[in-house]
Amino acid sequence: VVGDETWNNFSLFFAKAYVAEGLLPEGKTLLILNMAVGGTGFQDNRWNPGDDLFARMIRTAHAVLSLHPDNRIVSVLWHQGETDAVLDSTYREYYDDLHDLIISLRAFLSLDGIPFIAGDFVPAWKEEAKSTYPIDEIICAARQALADLPITGFVETDGLTSNEGDVIHFSRTANIELGQRYFDLYITLIDE
């Protein structure tokens, strides 16, 4: 619970799986840096290196890392792309944008060897929106950008549900499963 609201975000369930697996050293605290901002993307100049949200993410991460010499980032969980689809990003644009973000993020934060994981859209929204927007191009571009970089992976969302009346966002039940899928992929990436 955050304030008066139940947090419905897959990263919380990833974190719970991380702790349950015994990966958090005793006496340590796990902090989730939730940098997501709904309705933003690369095409609206929010997440490219140098854009405001990218810069905010770098500043926040540096601030947290500087608090203690043992602080570290264990993974980057990325779930974005709907706005870029709505703004008609091409395969090449989205591929280049995501590829550049990963390379830049790793350089700015010294994250070589740290997993970067992204995931697919809500299946119901994909089905509804693909006749209007280049959904398949965005997803194919994301999969390929991740395949072309080390220590990255792509989470499939088959079978996951949306919120009732809110087809673009995952339901709480789906977020629980999505967090587990991200974690399961994370485990395979750190074991390589």
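Because the structure is predicted, anything quoted here is derived from the model rather than measured.

### A word on the overall build of the protein chain
Item 1. Scanning the protein chain from N- to C-terminus turns up seven helices and five strands.
Item 2. Starting at the N terminus, the α and β elements of the protein chain follow one another as α-α-β-α-α-β-α-α-β-β-β-α.
Item 3. Projecting the C-alpha coordinates of the protein chain onto the three principal axes gives extents of approximately 50 × 35 × 35 Å.
Item 4. Scored against the burial criterion, the 192 residues of the protein chain give a buried share of 43%.
Item 5. Sequence-distant contacts, at least 24 apart, represent 71% of the contacts inside the protein chain between residues at least 6 apart.
Item 6. Accessible surface, the protein chain: about 10100 Å² in total, of which carbon and sulfur atoms supply 51%.

### Topic: the confidence of the model for the protein chain
A low pLDDT score tells you not to read the predicted coordinates there in detail.
Item 1. Taken as a whole, the protein chain shows an average pLDDT of 93; of its residues, 96% reach a score of 70 or greater.
Item 2. Counted against residues more than four places away or in other chains, residues 1–6, with its pLDDT under 50, gives three contacts.

### Focus: the nonpolar core
Item 1. With 52 residues, the main nonpolar core has Trp47, Trp78, Tyr94, Leu98, Leu101, Leu105 and Phe116 as its most contacted residues.
Item 2. Ignoring any residue separated from it by four or fewer positions in sequence, one finds leucine 105 in contact with Phe54, Met57, Ile58, Val76, Leu111 and Phe116.

### A closer look at the packing of aromatic side chains
Item 1. Per the counting criterion, the structure on display carries 13 aromatic pairs.
Item 2. Taking the centre distance of 5.9 Å and the plane angle of 55° together, the rings of tyrosine 18 and tyrosine 186 count as tilted. Here tyrosine 186 lies in helix 7 (residues 172–190) and tyrosine 18 lies in helix 1 (residues 10–20), a separation of 168 residues in the sequence.
Item 3. Given the relative accessible area of 3%, tyrosine 18 is considered buried.
Item 4. Centroid distance phenylalanine 42 to tyrosine 94: 5.5 Å. Interplanar angle 65°. Geometry classified as edge-to-face. Taken as a pair, phenylalanine 42 in the loop between helix 1 and helix 2 (52–66) and tyrosine 94 in helix 4 (residues 91–109) lie far apart in primary sequence, 52 residues in all.
Item 5. Among the residues examined, phenylalanine 42 registers a relative accessible area of 2% and is labelled buried.

### Some points on the packing of helix 1 against helix 7
Item 1. In contact at an axis separation of 7 Å, helix 1 and helix 7 are set at 50° when each is read in the N-to-C sense. With respect to their mutual orientation, helix 1 and helix 7 come out oblique. Relative to helix 7, helix 1 is oriented so that their crossing is right-handed. Between helix 1 and helix 7, the contacting residues are Phe10, Phe13, Phe14, Ala17 and Tyr18 on the first element and Arg172, Asn175, Ile176, Leu178, Gly179, Gln180, Tyr182, Phe183 and Tyr186 on the second.
Item 2. For the contact of helix 1 with helix 7, the class distribution of residues is ten nonpolar, three polar and one charged.

### Points about the pattern of salt bridges
Item 1. Throughout the structure, instances matching the rule amount to eight salt bridges.
Item 2. Aspartate 120 is the partner of lysine 126 in a salt bridge, and the nearest nitrogen-oxygen pair spans 2.7 Å. Considered together, lysine 126 and aspartate 120 belong to a single accessibility category, that of buried residues.
Item 3. Residue arginine 143 is joined to glutamate 156 by a salt bridge in which the shortest nitrogen-to-oxygen separation is 2.7 Å. Taken together, the residues span a long stretch of sequence, with arginine 143 in helix 6 (residues 135–147) and glutamate 156 in the loop between strand 3 (152–155) and strand 4 (162–163) at a distance of 13 residues.
Item 4. Given the relative accessible area of 31%, arginine 143 is considered partly exposed.

### Description of the side chain of serine 171
Item 1. Along the chain, serine 171 falls in the loop between strand 5 (166–170) and helix 7.
Item 2. Taking relative accessible area as the criterion, serine 171 reaches 10% and is therefore assigned buried.
Item 3. A polar contact of 3.1 Å, which involves the side chain of serine 171, links it to the backbone nitrogen of alanine 174.
Item 4. Excluding anything up to four places from it in sequence, serine 171 contacts Asn8, Thr161, Ser162 and Asn163.

### Quick look at the environment of alanine 145
Item 1. Residue placement: alanine 145 occurs in helix 6.
Item 2. Residue contacts for alanine 145: discarding those within four places in its chain leaves Tyr95, Leu98 and His99.

### Comments concerning the sheet that holds strand 1 (residues 76–78)
Item 1. Read across the sheet, three strands follow the order 1-2-3 without closing on themselves; strand pairing throughout is parallel. Lying at the two open borders of the sheet, with one neighbouring strand each, are strand 1 and strand 3. Taken over all neighbouring pairs, the strand axes of this sheet differ in orientation by 20° on average, direction set aside.
Item 2. Strands strand 2 (116–119) and strand 3 of the sheet are contacted by helix 6, whose axis makes an angle of about 150° with strand 3.

Parameters and conventions
- Residues numbered from 1 in each chain as written.
- Predicted model: local features only at pLDDT ≥ 70, side-chain atom pairs only at ≥ 80, totals over all residues.
- Heavy atoms only, no water.
- Helix = DSSP H or I, 4+ residues; strand = E, 2+ residues; numbered from the N terminus.
- Buried < 20%, exposed > 50% of the residue type's maximum accessible area, 1.4 Å probe, protein only.
- Contact = heavy atoms within 4.5 Å.
- Areas by Shrake-Rupley, 256 points an atom, 1.4 Å probe, with all protein chains shown as cover.
- pLDDT = per-residue confidence, 0-100.
- Core = buried A, V, L, I, M, F, W, Y, C linked by side-chain atoms within 4.5 Å.
- Phe/Tyr/Trp six-rings, centres within 6.5 Å; stacked < 30°, edge-to-face > 60°.
- Axes fitted to C-alpha atoms, helices over the stretch in contact; angles between N-to-C directions.
- Parallel < 35°, antiparallel > 145°, perpendicular 65-115°, else oblique.
- Left-handed = near helix turned anticlockwise from the far one by under 90°.
- Nonpolar A, V, L, I, M, F, W, Y, C, P; charged D, E, K, R; others polar.
- Salt bridge = Lys/Arg side-chain N within 4 Å of Asp/Glu carboxyl O.
- Polar contact = N/O pair within 3.5 Å; in protein donor to acceptor, adjacent residues only side chain to side chain.
- Pairing = 2+ DSSP bridges.

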